[in-house]
There are 8 protein chains.
Amino acid sequence: MNGDRLIEILESYKKGEIDQESALDVLKDLPFKDLGYASLDNHRALRVGYPEVIYCSGKSDEQLRGIFSYFLTQESSILGTRASREQFDAVQDLSPELVYEPISRTITATRGERKKIGDSYIAVVTAGTSDIPVAEEAAVTAEFFGSRVERIYDVGVAGIHRLFSRIELIRGAKVIIVAAGMEGALASVVGGLVNSPVIAVPTSVGYGASFNGLSALLTMLNSCASGISVVNIDNGFGAAYQADMINRL
Amino acid sequence: MNGDRLIEILESYKKGEIDQESALDVLKDLPFKDLGYASLDNHRALRVGYPEVIYCSGKSDEQLRGIFSYFLTQESSILGTRASREQFDAVQDLSPELVYEPISRTITATRGERKKIGDSYIAVVTAGTSDIPVAEEAAVTAEFFGSRVERIYDVGVAGIHRLFSRIELIRGAKVIIVAAGMEGALASVVGGLVNSPVIAVPTSVGYGASFNGLSALLTMLNSCASGISVVNIDNGFGAAYQADMINRL
Amino acid sequence: MNGDRLIEILESYKKGEIDQESALDVLKDLPFKDLGYASLDNHRALRVGYPEVIYCSGKSDEQLRGIFSYFLTQESSILGTRASREQFDAVQDLSPELVYEPISRTITATRGERKKIGDSYIAVVTAGTSDIPVAEEAAVTAEFFGSRVERIYDVGVAGIHRLFSRIELIRGAKVIIVAAGMEGALASVVGGLVNSPVIAVPTSVGYGASFNGLSALLTMLNSCASGISVVNIDNGFGAAYQADMINRL
Amino acid sequence: MNGDRLIEILESYKKGEIDQESALDVLKDLPFKDLGYASLDNHRALRVGYPEVIYCSGKSDEQLRGIFSYFLTQESSILGTRASREQFDAVQDLSPELVYEPISRTITATRGERKKIGDSYIAVVTAGTSDIPVAEEAAVTAEFFGSRVERIYDVGVAGIHRLFSRIELIRGAKVIIVAAGMEGALASVVGGLVNSPVIAVPTSVGYGASFNGLSALLTMLNSCASGISVVNIDNGFGAAYQADMINRL
Amino acid sequence: MNGDRLIEILESYKKGEIDQESALDVLKDLPFKDLGYASLDNHRALRVGYPEVIYCSGKSDEQLRGIFSYFLTQESSILGTRASREQFDAVQDLSPELVYEPISRTITATRGERKKIGDSYIAVVTAGTSDIPVAEEAAVTAEFFGSRVERIYDVGVAGIHRLFSRIELIRGAKVIIVAAGMEGALASVVGGLVNSPVIAVPTSVGYGASFNGLSALLTMLNSCASGISVVNIDNGFGAAYQADMINRL
Amino acid sequence: MNGDRLIEILESYKKGEIDQESALDVLKDLPFKDLGYASLDNHRALRVGYPEVIYCSGKSDEQLRGIFSYFLTQESSILGTRASREQFDAVQDLSPELVYEPISRTITATRGERKKIGDSYIAVVTAGTSDIPVAEEAAVTAEFFGSRVERIYDVGVAGIHRLFSRIELIRGAKVIIVAAGMEGALASVVGGLVNSPVIAVPTSVGYGASFNGLSALLTMLNSCASGISVVNIDNGFGAAYQADMINRL
Amino acid sequence: MNGDRLIEILESYKKGEIDQESALDVLKDLPFKDLGYASLDNHRALRVGYPEVIYCSGKSDEQLRGIFSYFLTQESSILGTRASREQFDAVQDLSPELVYEPISRTITATRGERKKIGDSYIAVVTAGTSDIPVAEEAAVTAEFFGSRVERIYDVGVAGIHRLFSRIELIRGAKVIIVAAGMEGALASVVGGLVNSPVIAVPTSVGYGASFNGLSALLTMLNSCASGISVVNIDNGFGAAYQADMINRL
Amino acid sequence: MNGDRLIEILESYKKGEIDQESALDVLKDLPFKDLGYASLDNHRALRVGYPEVIYCSGKSDEQLRGIFSYFLTQESSILGTRASREQFDAVQDLSPELVYEPISRTITATRGERKKIGDSYIAVVTAGTSDIPVAEEAAVTAEFFGSRVERIYDVGVAGIHRLFSRIELIRGAKVIIVAAGMEGALASVVGGLVNSPVIAVPTSVGYGASFNGLSALLTMLNSCASGISVVNIDNGFGAAYQADMINRL
């Protein structure tokens, strides 16, 4: 489309339908529009059927209503992350398509058929029960983007046999998301047992010297196991976004 | 092989060649040996021809000589990271195969033919000139593992046109490594312009409030662009390890 | 005036209207009174028509009523920053001149005609929607001080084309305020594209390793682009104060 | 020129001298080249005669020789910052124009006549003697860019009378740079006494809980005086860059 | 008394009134009882009429009722610090002597005549209005201990003339308490102008990079002025305690 | 039992009751099941009658009901830690065995007779009254595990005679838990006076520069007295767990 | 002895051999002497044959010579920790008994026969090769105190099979010391696999976001496995001291 | 003198010896000169015979020579702090009066007779041997200012009996300086045993989580004992300065 438009302008100018100044004017802006056109939101939406993503936290009800309203007029699916129930209440009446999941704190509107990815899947693993909300944000996001997800929850290192009993399922994944709070050691242990990329998500689960996830974050960054990269504390969405990218390769 | 050995023991026992106690003794250890057998170093070495990796920093000359000597008796290629020239001097005489590259601070011994990966490549991008040692650690590592690497150096956001002039090369990569110190903004900007996974490496380049790479690390963890994950400060090796994993998918 | 008063005292003494001790007494205090007289609040108010500024946060309703009451007896315009609606409710009845703007959290009373500055303007730029309250504190403050303001909101680096499409407006500003949270990379990118001073305002927008704005603060302090200085996290007022100073040059 | 080139291509295409594909190809790249053309280094150098700046710290002697050699073939003046004497020794033979100043740690090559700015000047103020190297980096940089500089050193708040005795010189400046380590209170005190923008430079001078300049940095960011912005610890160059920008307004 | 008791036991033993074992038993405990007897609370209370002090924060209503009830049966005056109004409500009915002051958040019961200290006084100085609660905790505490207090509030360095106009009153103090938040520069400035010991109290007033008083704390610890020592953030009580000690010398 | 099972499988295979593939399949999993079988929860429960422990904080009411319901079907005693009263209200109806203690914030269900440990006891010592909730979590946990506990509360170093008057009781303990907030000095002082292992628990009691327990944590980690180890801030449970382990030796 | 001396004084006084004043004088000091007598150094040395311990780091050669000279006149064994070879050179000539071990950085003088502890042993486990110096400080210390030590080195979680292959040896220990740097996850994994107390020693091994051991320290403090306590970074001595205490129970 | 000069100018003007403009000119500067004249350095030197103080660290040899040369032309005694032996070597030849003490790292020149203070003394107490350099900086400084000093070294809480055996000497002091590193608990213990003001000096002695004195600093700021204030890490000079001030009261 972008290319088409450029051609169209060139042709119009050649035919004398627009004068040099007008062509110049449009073309001067093109780069930015081109860049814009190549931006994640639109381009990706067209190509791979990605839903539009709205980071709800910190936005006013009014702002959310405006943004959801606009996207509802579009054809893409919609994903709202970090949405409180109050925020969902504020937009719910805009469309019956909007669905709220309280654990992942997501608002979703699924439209059309998402292009599924083959047989490969993403393993989403948690150390404990309290890490599940972050893991669910990841799982819901990845599924929304079209990936298959296998959930392996509460297999932290305090009872490492739980991890081993499910290790084959984890090893079978094309990419693995590990969400863990407190000391976050699970990411290293998983990393040492698999051959797939591991995306580690530190969670803010813990107290005292966990410093709201800092402890788990540092653990994961310093992992002695190779093949691990890290996203922000509690950033289930970010982990899923990259995992889905990798899952498509 | 592991499975073969297990079968062998079972058969020996069945045939009465070994008694129950002996079988029990071996089998009791098997799980751990199995796990050991499935460990990254050996398993991966066999399957994908990964070089053995030695983290040289903090090891004594004596220890390094011992480790290199052992690996030189093996068939795999060898990669030593974070090696000072003094450390190389201490092992150099062990084999003419050992090569030192001072910028990446790597010692390598290439043996046999590494299994090359198809046409895809890893883009290694730096914000500045001072980030190059970290980038080279990544590039050398990735090449050693068999990936093709394209280097795009010194394209930081202070002169963003330099980035744009090479953006197509970056966009063509299957996975992108961005090494940046100081404020580390380049990772976000690249992340906003591409559709491939970005592995961000904060570097300790900077002074004052860069706090030895903390500033760049936080920047990268908080990136508003999606599809970015982060490794430890100056961890070019770790970024390359995961990038190579992804490049093989 | 200060000089006048000094002359007056000298003359009085010379004429014998006041004795040595009295003159001494007054003169001993003069420096401090002189300094006092030259203080920002009063001096500046007289000279450039600056509104009185009240930092409302942390003040009791009683204290605020006392301060607003006093300033309302003066002729200057009044600006109250970081005011909650409850605080506005507590002072609203003091005068119909008092106006509350909930996004910028400002209470204002405009009196007389503010001396406008020529054609130049301040660009107030934000990375995201959530940075707008801080940006509005800056914009309202700058307008109150007499500067023209152009608002360019939600042009963060995740979709950098949005920034480019408005870059001319930003480049046209005499001084630019960039408010950004999360990783705060926008300040560096803008700084690399313009020739005007950039005042960067880190915002506390973000979560996890944003550490309430610390991440954006460090990013901005370490910017590899030149011409950028930084104010405290969420300090829209402070950025506008200095920007207005520069805009008057 | 950029505009000219765009016109030229359009004309060539209209005339049929280049086919659609070629025009398309060139135009697709234009934005980035346009952006490149608008980059600070070149554009600014042409317009205001800014010297090229090389951040020497962390660059190898070889790299420095390469960069200096290139710039010496150009016509602009050259400024190398954070250069050790060893680094100067490594490049000194490239040209007799290169001069090293050990306190500011700058290498300079002055070529042609820099466009001087009118009568206005920048005041560079330090709290103590140990802050002078940072202040000199600022002063040398600002003078190199064409600003007049007045140095007011060692007037910290422990003996505040020293500040007051020189306050008129400080007040007369168009913009003020204050460099202070330890508790960094001088910036606030100066900020409370003047009507010009103050750019505060925390220095790493101090010990113990100064945490290498963190204490002064926080002090300056939290200043209760208005009109103050802050640059990185020890970043005399950055302060001077923005101060010069403001001094030209 | 302690000495007397020791003599008494020795005599009893000599006279055979108590056997060796008993004497041994008592004597073995004596050190601790002696030390106990010399403890601040009781010893000081007897000697200098210090009120008993109860740190109320974090204590349950039940605990507070128990502690206040006990002390009310004693003769000393009572000072409860960091008491919420709810806590006062929970103990108020124990005695009509109990008085609550909401700004300093103190509960007091004054009994008998406190031994006043001569003519000397403690100056309690604040940078801003928001620092007053901490200053009042100091002032109320010091007065309770028998010191005369002069309050000099809102004389921060942003309008330094306010400080100078009251400097004689400050200089006249035997010891000075300076409470300041944000950048906390006032302590250094006062310290540079007086010859008396300054006890600096950082307050948690501020936002963003004030990090709840950390900025002011570091400023005060790094003061370039001599004669300043520091207490914990918001610790008005602690400053007053030491100031009263010094005022008695 | 684990060993028995292994033998059983070997025998079945030898006898031809199961084929090679089945034996292989089971044996391949054995390590993990073995490891699982040796996990803390089950193994320890069988051997030493440890209660099951549920960390309640951050779990939903639904999750807690599920977990408590399951454990109530088992025979072990149950200990829920960091339980709010609301959480207890949510599970209370599951069984009359469940008891809530508000100070320690524990939910307990005692079943059968816990195997008591001989005469030795654990001393639980606090510096102040506000540390008691953490100490009670430790005391209740240790008693639940079968240890005898002696409580010595409010003997902090500000009135060190209180400590000395009870030192014999402390010295008599087999292991000592010291809970202290603020500066946490009590652990060092106790450590210098006893010959038993001291487990130090920093508490979040304090304000300002206590940074929610960080100050006490660092104090305890840096103790100049030997024989002290440290657990997480406010982690009374963890201290009691290890203390009980030691008490059983 | 202490008791004896007290009796002796009482008797002397009773017999009139010393007068009241003299008795009083001695008894007044007794408590402190009693406390002194109960101090670790002397009391423990007598009772359990503990070597005297000298923390060498930061002491001048002269001071070390004085301290070693004194202890060499005593009968106890001597242990000097954190001793550089230069420091050993400075004291070596004092006695042929002094022995230096460069990896543990200990100076020892073994005298008499240390009272061995029964069959139990302490397991000293490291994650990597670089953690060995800290582990050796622990092992040498524990052996010196009379404990048997089993060393299990380089069994970190990156190749977890190495740990499993030696788990029985670890499980057999009465108390376990785990030394690990980088992310420090090994302590949690070991803690989840054993029933003995684990004393975790974070080491400063690592780079970047390991922040000199902070990462491992936080990991260990936040361990989700129970039964783990922590000592200071690199504090092998402290871990061994407590481990030996426990091993004697 | 200051007053005298003011009178003189007034008289000259009255007599017509100087015209209005000249008087005005001088008087305009007077406040600052007055303030300057009242500055610590000169005023105090005159009044109480304080030595001039030079903070040597970070000053160049040339600067030190200049400053010492100037002060040697004056009559006051001179104290240089934080001076390396190299720095002393650089100034030694300026005068035979200059004396270097390597432990306290002070350069002194004693001239005339310092006004001694009566019988009272300052107790300088250290926890360990390694804190002595900081303590000596304090002791030398206090003695230089004319205070009597009693040194009580190496009485830390690990062997608290050492403290008790010298407590009377400590209690007899008018003001107490406590220097302690590692966990810094000594300040709290001393504070709980005395009735005099305690000035606590955290030292950088320690390793690991002492974070170069941060641990001791936080301990001292959070002391539960009253009457303690704190100076910067290793700031023996600052503690002595305030202690001497208090000792003179």
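None of the values given here were measured: they were computed from a predicted structure.

### Here's the deal with the overall build of chain A
- Looking only at helices and strands, one finds 11 helices and nine strands in chain A.
- When burial is assessed residue by residue, chain A has 63% of its 249 residues classed as buried.
- Residue pairs at least 24 apart in sequence account for 67% of intrachain contacts in chain A once pairs closer than 6 positions are excluded.
- Entry remark: accessible area of chain A is about 8,900 Å², with carbon and sulfur atoms responsible for 49%.

### As for the packing of helix α10 (residues 214-221) of chain F against helix α10 (residues 214-221) of chain H
- Relative to each other, α10 of chain F and α10 of chain H sit at 125 degrees, their axes nearing to 8 Å. Considering the angle they form, α10 of chain F stands oblique to α10 of chain H. The two elements α10 of chain F and α10 of chain H cross, and the hand of that crossing is left-handed. Here S215, L218 and T219 of chain F of α10 of chain F lie close against α10 of chain H, whose contacting residues are S215, L218 and T219 of chain H.

### Observations regarding the relation of the copies chain B and chain G
- Under the fitted operation, chain B is carried onto chain G by 0.0 Å of movement along the axis and a turn of 89 degrees, and the coordinates agree to an RMSD of 0.2 Å. A rotation of that kind, with that shift, is consistent with a four-fold axis. Of every C-alpha in chain B, the one belonging to F211 of chain B sits nearest the axis of rotation, 7.4 Å from it.

### Quick notes on the confidence of the model for chain A
Residue and element names in this part refer to chain A.
- Here chain A shows a mean pLDDT of 83. Residues at 70 or above account for 82%.
- Within the model, the stretch residues 28-49 combines pLDDT values under 50 with 45 contacts to residues more than four positions away or in other chains.
- The complex prediction reports pTM at 0.86, with the ipTM value standing at 0.82.

### As for the relation of the copies chain H and chain E
- The two copies are related by a screw operation: chain H maps onto chain E through 179 degrees of rotation and 0.1 Å of translation along the axis, at an RMSD of 0.4 Å. Those values place the two copies in the arrangement expected of a two-fold rotation axis. Every residue of chain H has its C-alpha some distance from the rotation axis, and the shortest such distance is that of V230 of chain H, at 2.5 Å.
- A symmetric contact is evident, with 100% of the interface residues of chain H recurring at the interface of chain E.

### Concerning the interface of chain H and chain E
- Across the boundary between the two partners, chain H contributes 32 residues, which contact 32 residues of chain E.
- Sorting the residues of chain H by area buried against chain E places N195, L221 and L249 of chain H first, and these three jointly supply 21% of that buried surface.
- Between chain H and chain E we count zero salt bridges in total.
- In this structure, the connection of chain H to chain E is made through 10 residue pairs in polar contact (both at pLDDT 80 or more).
- Sorting the residues of the side of chain H that touches chain E by element identifies α3 (40-48), α10, β9 (228-230) and α11 (236-247) of chain H as the ones contributing at least two each.
- At five residues, the largest contribution of residues to the side of chain H that touches chain E is made by α11 of chain H.

### Comments concerning the domain arrangement of chain A
Residues and elements named next belong to chain A.
- What the domain assignment lists for chain A is domain 1 (50-109) and domain 2 (121-247).
- Contact with domain 1, which involves 14 residues of that partner, is made by 15 residues of domain 2.
- For the domain 1 and domain 2 pair, buried surface summed over both sides reaches about 1,100 Å², with 73% attributable to carbon and sulfur atoms.
- Counting every contact that joins domain 1 to domain 2 gives one salt bridge.
- The set of elements that each furnish at least two residues to the side of domain 1 that touches domain 2 consists of β2 (78-81) and β4 (106-109).
- The residue inventory of the side of domain 1 that touches domain 2, partitioned by class, reads seven nonpolar, five polar and two charged.

### Notes on the pairing of strand β1 (residues 52-55) of chain G
All names here are of chain G.
- Alternating positions in β1 separate cleanly, E52 and I54 being buried on one face and V53 and Y55 remaining unburied on the opposite face.
- Two strands pair when backbone bridges link them, and β1 and strand β2 (residues 78-81) are joined in this way by four bridges, in the parallel orientation. Bridge pairing links Y55 to T81 in β2.
- For the crossover from β1 across helix α4 (residues 61-73) to β2, the handedness is right-handed.

### Some points on the packing of aromatic side chains
- Taken as a whole, this structure holds 50 aromatic pairs over all chains when the rule is applied.
- Measuring from ring centre to ring centre gives 5.2 Å for F88 of chain A and Y100 of chain A, while their planes differ by 15 degrees; the resulting arrangement is stacked. Taken together, the residues span a long stretch of sequence, with F88 of chain A in helix α5 (residues 85-91) and Y100 of chain A in strand β3 (residues 99-101) at a distance of 12 residues. Side by side, F88 of chain A and Y100 of chain A carry an identical accessibility label, which is buried.
- Ring geometry for Y55 of chain G against Y207 of chain H: centres 6.1 Å apart, planes inclined by 25 degrees, an arrangement best described as stacked. Taken together, the residues Y55 of chain G in strand β1 and Y207 of chain H in the loop between β8 (198-202) and α10 connect one chain to another.
- Classification of Y55 of chain G as partly exposed rests on a relative accessible area of 21%.
- Here the aromatic cluster, defined as three or more aromatic residues joined through ring pairs, consists of F145, F237 and Y241 of chain A.

### Considering the interface of chain B and chain G
- Taken residue by residue, the interface counts 16 residues in chain B and 12 residues in chain G.
- For the pair chain B and chain G, the two sides together bury roughly 1,200 Å², of which 67% comes from carbon and sulfur.
- In this assembly, chain B and chain G are joined by zero salt bridges.
- Here chain B is connected to chain G by three residue pairs in polar contact (both at pLDDT 80 or more).
- Looking at the side of chain B that touches chain G element by element, the count peaks at three residues for helix α2 (residues 20-37) of chain B.
- Among the residues making up the side of chain B that touches chain G, the classes are represented as six nonpolar, seven polar and three charged.

### Overview of the side chain of E137 of chain B
Residue and element names in this part refer to chain B.
- Examined against the element boundaries, E137 turns out to sit in helix α6 (residues 132-144).
- Relative accessible area serves as the criterion here: at 5%, E137 is assigned to the buried category.
- From its side chain, E137 meets the backbone nitrogen of G236 in a polar contact 3.2 Å long.
- Within the structure, E137 has its side chain in polar contact with the backbone nitrogen of F237 (distance 2.6 Å).
- With residues near it in sequence (within four places) discarded, E137 still touches R82, S104, D234, N235, G236 and F237.

Parameters at a glance
Residues numbered from 1 in each chain as written. Chains lettered and ligands numbered in written order. Predicted model: local features only at pLDDT ≥ 70, side-chain atom pairs only at ≥ 80, totals over all residues. Heavy atoms only, no water. Helix = DSSP H or I, 4+ residues; strand = E, 2+ residues; numbered from the N terminus. Buried < 20%, exposed > 50% of the residue type's maximum accessible area, 1.4 Å probe, protein only. Contact = heavy atoms within 4.5 Å. Areas by Shrake-Rupley, 256 points an atom, 1.4 Å probe, with all protein chains shown as cover. Axes fitted to C-alpha atoms, helices over the stretch in contact; angles between N-to-C directions. Parallel < 35°, antiparallel > 145°, perpendicular 65-115°, else oblique. Left-handed = near helix turned anticlockwise from the far one by under 90°. Least-squares fit on C-alpha atoms with pLDDT ≥ 70 in both. pLDDT = per-residue confidence, 0-100. Buried area = accessible area lost by both parts, 1.4 Å probe. Salt bridge = Lys/Arg side-chain N within 4 Å of Asp/Glu carboxyl O. Polar contact = N/O pair within 3.5 Å; in protein donor to acceptor, adjacent residues only side chain to side chain. Domains from an automatic or database assignment. Nonpolar A, V, L, I, M, F, W, Y, C, P; charged D, E, K, R; others polar. Pairing = 2+ DSSP bridges. Right-handed = clockwise from strand over helix to strand, strands pointing away. Phe/Tyr/Trp six-rings, centres within 6.5 Å; stacked < 30°, edge-to-face > 60°.

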